[in-house]
Each structure stands twice: as structure tokens, then as C-alpha cells.
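Fold and contact review
What follows is the residue order along each chain.
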Amino acid sequence: MVGFFMILVDSTIVAVGTPALMAAFDTDVTAVLWVTSAYLLAYAVPLLITGRLGDRLGPKRVYLAGLTLFTLASLWCGLSGELSDSIGMLVVARVFQGLGASLMTPQTMAVITRTFPPERRGSAMALWGAAAGVATLVGPILGGVLLDSLGWEWMFFINVPVGIIGWLLAWRLVPRLETHSHSFDWVGVALSAVGLFCGVFAIQEGHAYDWGQITGVISVPLLLVVGAVLLGLFVWWQSRIRREPLVPLGLFRDRNFSVSNVAISTVGFAITAMMFPFMIYAQAVRGLSPTRAALLLAPQAVMSIVLAPIAGKLTDRMHPRLLAGFGLLTLAAVTFALSRVMTPGSSTWSILLVALVLGVANSFVWGPLATSANRNLPPHLAGAGAGVYNTTRQIGAVLGSAAIAVLMEARIAALLPGMPGGASSMAESGAVAMPEAVKEPFAQALAESMLLPAAVVLLGFAAALFFERPRHQQTSG
């Protein structure tokens, strides 16, 4: 969990440091955005492969290798300003950091799945889920504090002591689990890696290129088509290969695994999509600093921590349809409520109250979905299942990021047709002196954008209605 927490914090921490990085490397915002984009690409694309590697080599061994790479790359990131005047070195270091994160993430779920018996797995997964919920908040807060006190380098240096402690604890305490796989699907590796890279890159960066040409002959639509074709070939190949496929399609015969993957993709979409307009609203409309803007959501983290043990115990006893359904429906409702309080004159306490309920929703989403995805899987497929689950979550997040950016620009253009730069200019400028006449329509545009993640989570709720009672509960019953 220490490593998993670090991974998710690093997915969000750099966003706060955008102005500092622009000044430090004397570059524009497009170059700085690649510091985050490179990390997310290197993180998301190999997840299917790294999940299967854990089954073959052992999750502990792969996790420790990933944590080593992640920690060394964090040190490299922090030193990149001393080693080069160009931001390119920082981007390259972030690629290696993302690869380390990709090696670690599936193993965190696989170790829980293979260490805890089914009747106790919910409590462990609830803590795993709480780490995910808290990390999305801690990233911006920690980034703001480190920027204000020590400088941008410490957004990365902070990982080094934590990584060393986490490595020693995992080496000492995590059991070395039995390995099962004896071959590796290299054709599947190539098809999935290239297909996911084309698709994720096109979705993640399409808005930056206006969904048109990237270079002379390469365009965003072409990458989307190539990615879709290669992933289609990948699925076909997985159905044909008889010995150790990269993703055994038999995983999806377990209804709860399939339902959990659909639901977590909507959660990844919604959490990513709602954070962007809310943070712009808090800084541009309310005039808060990045740290104070992130603190508006502090009750969410507190409630996630408090409710994690309770949600875990309930996950081990109750039907997943009830718990996950409640969490997803509450998440949709609270996202809608957040859009209603995103006005220039709304009180701070009303936002804090909504954030509190958001923490309740998170507690009954992350843990129950992760537990349901892996509860019925045999141990030798734990890594493959975790790889698929985390890939689905990341693709949902990438889709959410791309979709909300397009929708925000459209709503701002409709309500403020004369505003230059739209949402992008506001995101870059942070807390700006916005004219009073502009605040109302600008806040309305951001609030209307929040309706998209609320609607998408309802699709996850509809999927959760198809959960069935896990086998250990059927047996005990």
C-alpha cells in the first residue's frame, strides 16, 4: 500500500507545480503537460504485461523491482534541473517512473488476493481502496506545501525516503508467493503494448492537437483506428492461443470480474473528470491558492479513512450489489450536488459538506469493486486479473480527462464566446483576478461540465445491479 499510495500521489502532484516548472525550465505549458502525460502513458500501457509478469516471476519480486525503479527515477526527476537546462530530461525520467509504477500496481492487488482468504479479503481491499481515494487528494495538497516551502524538486525527492522504507518493509514482510506460469505470450505483449499506446496517446493528447494532424502523415484519428484494430487482433489472438495467454479470456466468465471492470472504468472516468473543473473553479472563481483549493476536499479523505474498516467488514458479509450499488449511486448524486454548489457565492461549508459525502461514496466504491473483481479468481490468475482491472481503471481515467477538457471548452465557448483561451488559459493562470461579470457564466460552464461524470457513474451503477453473491458467501450461506 505504501507503493500504491506513492503511485497515485505522483499522478496528481505535478499538476500543482505547472507554473514552477515553466519558470524553472523557461518553457511553455505544453512542454510541462508532457511531464504528466509521459508518466501516465508509461504507467497505463504496460499494465496488462506487468500483471502477467507477477504470475510468472512472483508478485513480490516484480513489486520490489518496480519500487526500485520508481524510487531511482524519482531521484532522477528531482536532479533533472541540475543535470540539464531542458525539460526533456525530466520527461524521460518520468517515463521510467511510470514504468516502475506499472510494475508495482498489479502486484498490490495480486498479493492481497493471494494472501488473504476470501472471507477476509474485503477488509484488506477496503484499505487498498482508501489509499486510492486519499492519494487523489493528498497529491495536490502535498504538491502545494512542498512548492511553497522547498521547491519543485521536492515533489520528487519526497518519494526517495518513502520508497526506501517501503522497499525494506515489503522485502521483510511480504511473503514470497508461488509462481505458476512457464511461458510468455510475446505476440500478445506486442499487440497489447502498441495498441494501448496508440489508443491511450490519441485519447490523452487528442485535445492538444485539435483531434487532427500530429505530424505529416500521423493524425489522432489514424492512431485511434490503429489502436482499435491492434486491440481487436489482441483479443482474437488471446482466444486462439492455448498456452499461457497474456489475458486469459476465461477471466470474463466470472460475472463479478466483468461487472467490476465496467464499474471501475466509470469511476476512473468520473474521479478524473470531476477534479479538473472543480480545481479550476476553486482557484479561478473563488481565488484560492492550489493548496487551499485542494483542502476544500479534505473531508473526503478523512471520511475515506474512517469508513475503510467498516466498508471492508461489510464487503466480506454483504452482497456486492448492495454495497457497490450504494457507493456508485451516491457518487453520482454527490457529483451532481458538487455541480450545484459551484457558484461564485456558495458558502465554504456547503462545499465541505458535499466533500464529506464524497468520502462516503469513495469508501463504498473502491474497496467493494476491487474485492468483487478478484474474489473468485484462482491464485494463478491473480496477477492477470489485477493487470486487466487496473488497465480498465486507467483507460477510464484517460477517457475522463479527454472528455471533460472538450466539454469544458464547449460550455465556456457557449456561455463566454469572447473569452480568449477558454478553460486552458484559466487552468494555466491559477488564481487570477477574474472580473465579477465573468465569474457567474464561467462557474456555470464548469458546473454544467460536472454533469458528464455524474451521468457516466450512473452507467457503473447500472452495471453493479448485475453482481452476484460471491462463492464464499454462497458456501457459508
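Here the structure is a predicted model, which is why all the values come from computation and not from measurement.

1. Regarding the overall build of the protein chain
The number of helices and strands found in the protein chain is 22 helices and zero strands. On C-alpha atoms alone, the protein chain measures out to a radius of gyration of 21 Å, which is about the 23 Å that the 2.2 N^0.38 rule sets for 477 residues. For the protein chain, the C-alpha atoms occupy an extent of roughly 65 × 50 × 45 Å along the three principal directions. With 477 residues in all, the protein chain has 57% of them scored as buried. The long-range share in the protein chain, meaning contacts at least 24 apart out of those at least 6 apart in sequence, stands at 84%. Here the protein chain has roughly 18,800 Å² of accessible surface; of this, 69% comes from carbon and sulfur atoms. Positive and negative side-chain charges in the protein chain, numbering 27 and 22 respectively, have mean positions lying 17 Å apart.

2. Looking at the packing of aromatic side chains
Following the criterion strictly, the structure yields 11 aromatic pairs and no others. With 5.5 Å between their ring centres and 80° between their planes, Phe326 and Phe364 make a pair best called edge-to-face. With Phe326 in helix H15 (residues 320-341) and Phe364 in the loop between helix H16 (348-363) and helix H17 (366-374), this pair connects stretches of sequence that are 38 residues apart. Its relative accessible area of 41% is what places Phe326 among the partly exposed residues. Residue classification places Phe364 among the buried positions, given a relative accessible area of 9%. An aromatic cluster of at least three residues, connected via ring pairs, comprises Phe25, Trp152 and Phe156. Between the NZ or CZ atom of Arg94 and the centre of the ring of Tyr39, over which it lies, the distance is 4.3 Å.

3. Examining the domain arrangement of the protein chain
Along its sequence, the protein chain is organised into domain 1 (1-184 + 244-468) and domain 2 (185-243). Computed from C-alpha coordinates alone, the two centres of domain 1 and domain 2 are separated by 23 Å. With 23 residues of domain 1 at the interface, the matching set in domain 2 holds 22 residues. With both sides pooled, the region where domain 1 packs onto domain 2 buries about 2,200 Å², and carbon together with sulfur makes up 74% of that total. Between the two partners, domain 1 and domain 2, sit three residue pairs in polar contact (both at pLDDT 80 or more). Contributions of two or more residues to the side of domain 1 that touches domain 2 are made by helix H3 (29-44), helix H4 (47-57) and helix H18 (382-415).

4. Here we look at the side chain of Ser346
With respect to the helices, strands and loops of the structure, Ser346 is situated in the loop between H15 and H16. Since its relative accessible area comes to 13%, Ser346 is described here as buried. In terms of polar contacts, Ser346 uses its side chain to reach the backbone carbonyl oxygen of Val341, at 2.6 Å. Within the local environment of Ser346, its side chain forms a polar contact with the backbone oxygen of Thr343, the two atoms lying 3.2 Å apart. With near-sequence residues (within four places) excluded, Ser346 lies in contact with Tyr281, Arg286, Val341 and Ile351.

5. Some details on a nonpolar patch on the surface
A cluster of nonpolar side chains, namely Val92, Val95, Phe96 and Leu99, defines an oily patch on the protein surface of about 260 Å² accessible area. Counting through the fold element by element, Val95 comes out in helix H6 (residues 88-115). A residue is classified by how much of its surface remains accessible, and Val95, at 30% relative accessible area, is partly exposed.

6. Regarding the layout of surface pockets
Its boundaries defined by the atoms lining it, the second largest pocket holds a volume of some 470 Å³. Looking at the lining of the second largest pocket, the elements that each hand over two or more residues are helix H1 (2-16), helix H5 (59-83), H6, helix H7 (118-149) and helix H9 (159-173). No other element matches the five residues that H6 contributes to the lining of the second largest pocket. Residues that form the lining of the second largest pocket fall into these classes: 14 nonpolar, five polar and one charged.

7. A few points about the packing of H4 against H18
Two numbers describe a pair of packed helices, the interaxial angle and the distance between the axes. Direction vectors running N to C along H4 and H18 enclose 160°, while the axes themselves pass 7 Å from each other. Here H18 runs roughly antiparallel to H4, going by the angle between their axes. Every pair of crossing elements has a handedness; the one defined by H4 and H18 is right-handed. Contacts between H4 and H18 involve Leu47, Leu48, Gly51, Arg52 and Asp55 on the former and, on the latter, Ala382, Gly383, Ala384, Gly387, Val388, Asn390, Thr391 and Gln394. Here the residues of the contact of H4 with H18 sort into five nonpolar, six polar and two charged.

Each value, and the rule that gives it
Residues numbered from 1 in each chain as written. Predicted model: local features only at pLDDT ≥ 70, side-chain atom pairs only at ≥ 80, totals over all residues. Heavy atoms only, no water. Helix = DSSP H or I, 4+ residues; strand = E, 2+ residues; numbered from the N terminus. Rg over C-alpha atoms; globule rule 2.2 N^0.38 Å. Buried < 20%, exposed > 50% of the residue type's maximum accessible area, 1.4 Å probe, protein only. Contact = heavy atoms within 4.5 Å. Areas by Shrake-Rupley, 256 points an atom, 1.4 Å probe, with all protein chains shown as cover. Lys, Arg positive; Asp, Glu negative; His and termini not counted. Charge placed at Lys NZ, Arg CZ, Asp CG, Glu CD. Phe/Tyr/Trp six-rings, centres within 6.5 Å; stacked < 30°, edge-to-face > 60°. Lys NZ or Arg CZ within 6 Å of the ring centre and 35° of its normal. Domains from an automatic or database assignment. Buried area = accessible area lost by both parts, 1.4 Å probe. Polar contact = N/O pair within 3.5 Å; in protein donor to acceptor, adjacent residues only side chain to side chain. Patch = residues over 30% accessible without salt bridge, like charges linked within 9 Å, V, L, I, M, F, W, Y side chains within 5 Å. Salt bridge = Lys/Arg side-chain N within 4 Å of Asp/Glu carboxyl O. 1 Å grid on protein atoms, 1.4 Å probe; cavity = no way out; pocket = protein on both sides within 12 Å on 5 of 7 lines; lining within 4 Å. Points joined across faces, edges and corners; volume = space filled by probe spheres on them. Nonpolar A, V, L, I, M, F, W, Y, C, P; charged D, E, K, R; others polar. Axes fitted to C-alpha atoms, helices over the stretch in contact; angles between N-to-C directions. Parallel < 35°, antiparallel > 145°, perpendicular 65-115°, else oblique. Left-handed = near helix turned anticlockwise from the far one by under 90°.

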